[in-house]
Amino acid sequence: MGRVDQLWELIALIVGIAVVVAAVVVGFVRGRGGRTKDLAAPPSVQRKVPGAQLPPSDSSEGSDDDGSVATRPAAGTQSRVETAETPLLEEPPTPAVERPESARGRLARLRARLARSNTAIGNALLALLSRGGLDEAAWEDVEDTLIGSDLGVEASTELVGRLRTKVKVDGATDEPTVRGWLREDLLDLVDPTMDRRIASSRVDGRPAVILVVGVNGTGKTTTVGKLARVLVAEDRDVVLGAADTFRAAAADQLETWGARVGVPTIRSDKDGGDPAAVAFDAVKAATEIEADVVIIDTAGRLHNKVGLMDELGKIKRVIEKQSPIDEVLLVLDATTGQNGLRQAEVFAQAVDVTGIVLTKLDGTAKGGIVVAVQRKLGVPVKLIGLGEGPDDLAPFDAEAFVDAIVG
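Residues numbered from 1 in each chain as written. Predicted model: local features only at pLDDT ≥ 70, side-chain atom pairs only at ≥ 80, totals over all residues. Heavy atoms only, no water.

### Concerning the sheet that holds strand β8 (residues 355–359)
One open sheet accounts for eight strands, arranged β5-β4-β6-β3-β7-β8-β9-β10; its pairing is mixed. In this open sheet, the two strands that pair with only one neighbour each are β5 (265–266) and β10 (393–395). The pairing of β8 with strand β9 (residues 381–385) spans three bridges and is classified as parallel. Note on β9: the bridge partner recorded for V357 is L383. Along the sheet face, helix α8 (residues 220–233) touches β3 (208–214), β4 (238–243), β6 (293–298), β7 (327–333), β8, β9 and β10 and points at about 170° away from the line of β6. Helix α12 (residues 339–351) rests against β3 and β7 of the sheet, and its axis sits at about 160° to β7. (Pairing = 2+ DSSP bridges. Helix = DSSP H or I, 4+ residues; strand = E, 2+ residues; numbered from the N terminus. Contact = heavy atoms within 4.5 Å. Axes fitted to C-alpha atoms, helices over the stretch in contact; angles between N-to-C directions.)

### Some points on the packing of helix α6 (residues 153–170) against helix α7 (residues 175–190)
Packed helices, taken two at a time, are described by the angle their axes make and the gap between the axes. The interhelical angle for the contact between α6 and α7, taken along N-to-C directions, is 145°, at an axis separation of 11 Å. Read as a crossing pair, α6 and α7 show a hand that is right-handed. Where α6 abuts α7, its residues A155, E158, L159, R162, L163, K166, V167 and D170 lie against W181, L182, E184, D185, L186, D188 and L189. (Left-handed = near helix turned anticlockwise from the far one by under 90°.)

### As for the packing of aromatic side chains
This structure, assessed with the given rule, holds one aromatic pair. Geometrically, the ring pair formed by F396 and F401 is tilted, given 5.1 Å between the ring centres and 50° between the ring planes. Directly above the ring of W257 sits R260, whose terminal nitrogen or CZ lies 5.5 Å from the centroid. (Phe/Tyr/Trp six-rings, centres within 6.5 Å; stacked < 30°, edge-to-face > 60°. Lys NZ or Arg CZ within 6 Å of the ring centre and 35° of its normal.)

### Considerations on the pattern of salt bridges
Under the criterion given, the structure shown has 25 salt bridges. Its salt-bridge partner being D333, residue K360 comes within 3.3 Å of it at the nearest N-O pair. With K360 in the loop between β8 and α13 (369–377) and D333 in strand β7, the pair connects residues that are 27 residues apart, well separated along the chain. For K360, a relative accessible area of 35% puts it in the partly exposed group. Each member of the salt-bridge network shares a partner with another, and the members are E154, E158, R162, K166, E184, D185, D188 and R375. (Salt bridge = Lys/Arg side-chain N within 4 Å of Asp/Glu carboxyl O. Buried < 20%, exposed > 50% of the residue type's maximum accessible area, 1.4 Å probe, protein only.)

### Structural notes on the pairing of β9
Counting buried residues along β9, five of its five residues qualify, which places the element largely inside the surrounding structure. As judged from the three bridges shared by β9 and β10, these two strands associate in the antiparallel manner. Paired with G385 across the bridge in β10 is L393.

### What to know about the nonpolar core
Grouped together as the largest cluster of nonpolar side chains are 76 residues, with contacts concentrated most on I296, I319, L330, I356, L358 and F401. Per-element tally for this core: the top contributor is α7, with seven residues. Other than its neighbours up to four places away in sequence, I296 contacts I210, L211, V212, G241, A243, A279, A282, V283 and I319. Counting 25 residues, the second largest nonpolar core, distinct from the first, contains I198, A208, V261 and I295. (Core = buried A, V, L, I, M, F, W, Y, C linked by side-chain atoms within 4.5 Å.)

### Overview of the environment of E184
Within the fold, E184 resides in helix α7. A residue is classified by how much of its surface remains accessible, and E184, at 49% relative accessible area, is partly exposed. In this structure, the C-alpha to C-alpha distance between E184 and V402, residues 218 residues apart in sequence, is 8.9 Å.

### Section: unusual backbone geometry
In this structure, D191 takes a positive phi of about 65° despite not being glycine. Within the secondary structure layout, D191 lies in the loop between α7 and β3. Non-glycine residue D352 carries a positive phi angle of around 55°.

### Here we look at the side chain of K220
One can find K220 in helix α8. Note on K220: relative accessible area 6%, which makes it buried. Excluding its chain neighbours within four sequence positions, the residues that come into contact with K220 are V212, V213, G214, D244, D297, T298, A299, G300 and V331.

### Thoughts on the pairing of β8
The buried fraction of β8 amounts to five of the five residues, a majority that puts the element mostly inside the structure. Residue alternation in β8 divides its side chains into two sets, G355, V357 and T359 and I356 and L358, and both sets are buried.

### Some details on the environment of Q349
Within the element layout of this structure, Q349 appears in helix α12. Spatially, the C-alpha atoms of Q349 and M309 are 9.7 Å apart, while their sequence positions differ by 40 residues.

### Thoughts on the environment of V379
By the element assignment, V379 lies in the loop between α13 and β9. The spatial distance from the C-alpha of V379 to the C-alpha of M194 is 8.0 Å, given a sequence separation of 185 residues. Filtering out sequence-adjacent residues up to four positions away, V379 remains in contact with M194, V353, T354, G355, I356 and Q374.

By themselves, these observations are geometric and do not establish any function.
As structure tokens, this is what we get:
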């Protein structure tokens, strides 16, 4: 029995040692776990919400009941649990699309600005005609003044002849009478009977097609953008075609103009693309969305560059494979005066110009160019640019134009 007692005492001792060792091991493991968490806490993680951009956070983290991660703000800030329905940042508001005012009567509102650029005709002529004692030298001065205003030799000679006849028959040279004669004869030369409407409504179930052409530097792309504003103000659904693929910034510039008034722009997906293909796609897109009008911007080109003029003819032919062209607007820089007339002739031969847009008529330009270019091409001036503002393109009004000249 003594040996049995000794065996049980040995077993008890072994069990006791095992219990103590186990306790020590458990305590050691727990101690290491706590220290590890304190020294290397995991970084803050936020749930990614589609469409929301989350700001960086230095707050500690906790856990929602559903297992999603939420942030705990630093002391002193309001606690917020982020969910998929409540992003931390709201989407920025979409910029409001501009709604231009109607262009009707715009030329009359810009009359003072127009008058400043035409004092060579109005004030100088009135001073000459109302001074009395009009001899041959005085009439030569009158004719020189008219020619200097870019009216052209033929029109200037015609106007002087009319005025001389009236002075001879009536004998009056007082300013009110002379002003009335000058207004009447100038208005006749400008010809208020010409059809100056812009093709901007659907024709036979298709959109109207406007092709805009011109020389480099005339403000052609800007004119297209401003024309889009004019037509949007008249409640037209417009599509723009960026077929000026040679100037790197042209498509971006036109797209910006269109975006401001909610108008789509069709453009090439690469610089230097085929302009005829862009024009074709723009007409096709306008047809598919049932737009009222599509305006095609083309690259500026010198009138004496045969290859470029031939390419303009190609654009016209490609467009006409799916739709007639209803309007070809030639953009001319009014400050070029008589030099612009030769340009106009060449463009008219290439693409059958139907209307003129005179830009930069607000500076040193001389208003007689209106009469000269209409006589040269037999087509009307339909729009004039009177400034750099987005709404400074005005439909041409013959009476308002003449009134701005003679006062």
